[in-house]
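Tertiary structure, described
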Amino acid sequence: MSSFGYAAFGNSTPGNLLTGFGFYEPYWLVDFANACVVLHLVGGYQIFSQPLFADIERWFARKFPESKFIHKNHTLKPLPMLPFKLNLMRLVFRTAYVALITGIAVLFPYFNQVVGVSGAITFWPVVVYFPVEMYLTQKKTESWKTKAIVLRVYTMVCLIVILYAFVGPIRGVIVARFS
């Protein structure tokens, strides 16, 4: 989305496309759009934080092996055909963690740049490199076959693009911090 804004408006693209051009009314629409952005970021953050959650939950499980709060799963049946298990420790810990980190991130005066930096750091390994390597491993593709070479070249091209894209948010953080 930000690339479309940059293509349309160049260097004068505001960080918030809704209010950056003086569009403040109707207030409810701007508030609703900002709530949707927060919901999107919180959900995405939860997905990309799964390895951290798993490590911390394993640590809690080893540290407190007798705790029912940590180990007990409650089965909920909101619909007869759709039961699911709920672990209270996971619910409380993950909710508190995401709320705390989101709150800290929002307090930054240069929030857009920080989101850009974290996105540039996490995008390539999570969305490009690991899926390609898992695919090649699962399909048992030999290293010097055409498919493996094409996928690895694709991975390297994506890395170069991401490194190029990483420069913008870093510059934005430096400019925002020292201006």
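Here, the structure is the one placed above.
These figures come from a predicted structure and were not determined experimentally.

Considering the pattern of salt bridges
- Counting across every chain of the model gives four salt bridges.
- Residues glutamate 57 and arginine 90 are paired through a salt bridge, measuring 3.2 Å at the closest nitrogen-oxygen approach. Pair noted here: glutamate 57 is in helix α3 (residues 50-63) and arginine 90 is in helix α5 (residues 88-107), with a separation of 33 residues, a long-range link.
- Accessibility expressed as a relative area gives 10% for glutamate 57, which makes it buried.

Concerning the pairing of strand β1 (residues 73-79)
- Where β1 meets strand β2 (residues 82-87), five bridges bridge the pair, whose relative direction is antiparallel. Paired with asparagine 73 across the bridge in β2 is asparagine 87.
- Between β1 and β2, which pair antiparallel in sequence order, lie two residues.

Here's the deal with the nonpolar core
- Among the nonpolar cores identified, the biggest contains six residues, and these are Phe53, Ile70, Met89, Phe93, Tyr97 and Val98.
- A total of four residues in this core trace back to one element, the largest contributor, which is α5.
- With sequence-adjacent residues up to four places away left out, methionine 89 is seen in contact with Glu57, Phe60, Phe69, Ile70 and Arg94.

Overview of the packing of helix α6 (residues 111-138) against helix α7 (residues 146-178)
- Between α6 and α7, the least distance of the axes is 8 Å, while the angle of their chain directions is 170°. Between α6 and α7, the crossing angle belongs to the class labelled roughly antiparallel.
- Considered class by class, the residues forming the contact of α6 with α7 number 22 nonpolar, four polar and three charged.

Observations concerning the packing of aromatic side chains
- Per the stated rule, a full pass over the model turns up eight aromatic pairs.
- Centroid distance phenylalanine 60 to phenylalanine 93: 6.2 Å. Interplanar angle 70°. Geometry classified as edge-to-face. In this pair, phenylalanine 60 sits in helix α3 while phenylalanine 93 sits in helix α5, placing the two residues 33 residues apart along the sequence.
- The exposure class assigned to phenylalanine 60 is partly exposed, which follows from its relative accessible area of 23%.
- What links up through ring pairs into an aromatic cluster is the set Phe53, Trp59, Phe60, Phe64, Phe93 and Tyr97.

Reading the values: rules and limits
- Position numbers for residues count from 1 along each chain, tracking the sequence in the order it is written.
- Restriction of local features to residues with pLDDT of at least 70 applies here, the model being predicted, together with a cutoff of 80 or more for giving and counting side-chain atom pairs; totals for whole chains, interfaces and linings are based on all residues.
- Calculated side-chain values reflect all of the structure's heavy atoms, with hydrogen atoms and water omitted.
- A carboxyl oxygen of Asp or Glu within 4 Å of a side-chain nitrogen of Lys or Arg is what we treat as a salt bridge.
- Only runs of H or I of at least four residues qualify as helices and only runs of E of at least two qualify as strands under DSSP, and these elements are numbered from the N terminus.
- Only protein chains enter the accessibility calculation, which uses a 1.4 Å probe; a residue whose area is less than 20% of its type maximum is buried, one above 50% is exposed, and one in between is partly exposed.
- In short, DSSP must find at least two bridges between two strands for them to pair.
- Among the buried residues, those of types Ala, Val, Leu, Ile, Met, Phe, Trp, Tyr and Cys that are joined through side-chain atoms within 4.5 Å form a nonpolar core.
- Residues count as neighbours in contact if any of their non-hydrogen atoms are within 4.5 Å of one another.
- Each axis is a line fitted through C-alpha atoms, taken for helices only over the stretch in contact, and angles between the N-to-C directions span 0 to 180 degrees.
- For classification purposes, an angle smaller than 35 degrees is called roughly parallel, one larger than 145 roughly antiparallel, one from 65 to 115 roughly perpendicular, and anything else oblique.
- Polar here means any residue outside two lists: the nonpolar Ala, Val, Leu, Ile, Met, Phe, Trp, Tyr, Cys and Pro, and the charged Asp, Glu, Lys and Arg; Gly therefore counts as polar.
- For Phe, Tyr and Trp, where Trp contributes only its six-membered ring, two rings pair if their centres lie within 6.5 Å, and the inter-plane angle classes them as stacked under 30 degrees, edge-to-face over 60, or tilted in between.

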